[in-house]
Amino acid sequence: VDKSHMADDYETLRTRIIRRLGGEIDLLTDGLHALRNGAPDVAEEFLDRSLLALTREVKQLKDASGGFA
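Here goes a summary of the coordinates provided. Because the structure is a prediction, the values reported are computed rather than measured. (Residues numbered from 1 in each chain as written. Predicted model: local features only at pLDDT ≥ 70, side-chain atom pairs only at ≥ 80, totals over all residues. Heavy atoms only, no water.)

## Examining the pattern of salt bridges
Any two side chains of opposite charge can pair, so long as their charged atoms come close to each other. Evaluated as defined, the whole model comprises 5 salt bridges. One salt bridge connects arginine 16 with glutamate 57, and the closest N-O pair in it is separated by 2.3 Å. A residue pair is termed long-range when its members are at least 10 positions apart, and arginine 16 in helix H1 (residues 2-36) and glutamate 57 in helix H2 (residues 40-64) qualify at 41 residues. Through salt bridges with shared partners, a single ionic network connects Arg16, Arg20, Glu24 and Glu57. (Salt bridge = Lys/Arg side-chain N within 4 Å of Asp/Glu carboxyl O. Helix = DSSP H or I, 4+ residues; strand = E, 2+ residues; numbered from the N terminus.)

Next comes the structure, spelled out in structure tokens:
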């Protein structure tokens, strides 16, 4: 039973991280596109949003592991 719960927890975490990273790849791709097309303010907004989301995710992972990550 414990092994089954651990496998389920792992799969839940894996799915969440894949979704998060996919979203951040999209934001960073859009930011790079904006930068290459002369819109540095737009690029900065995308970078800020991505950095904030990744920072939150790292904090959430650290909190879930008791701060040992």
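## Some words on H1
With 35 residues, H1 should reach 51 Å at 1.5 Å per residue; the first-to-last C-alpha distance of 50 Å fits that figure. When H1 is considered as a whole, its buried residues turn out to be Glu24, Leu27, Gly31 and Ala34. Against the buried residues of H1 lie H2. Immediately beyond the C-terminal end of H1, within one or two residues, lies glycine 38, with a positive phi of roughly 75°. (Expected span 1.5 Å × (residues − 1). Buried < 20%, exposed > 50% of the residue type's maximum accessible area, 1.4 Å probe, protein only. Contact = heavy atoms within 4.5 Å.)

## Describing H2
With 25 residues, H2 extends 36 Å between its outermost C-alpha atoms, agreeing within 8% with the 36 Å of an ideal straight helix rising 1.5 Å per residue. Every buried residue of H2 is accounted for by Ala43, Phe46, Ser50, Ala53 and Glu57. Looking at the buried side of H2, the elements it contacts are H1.

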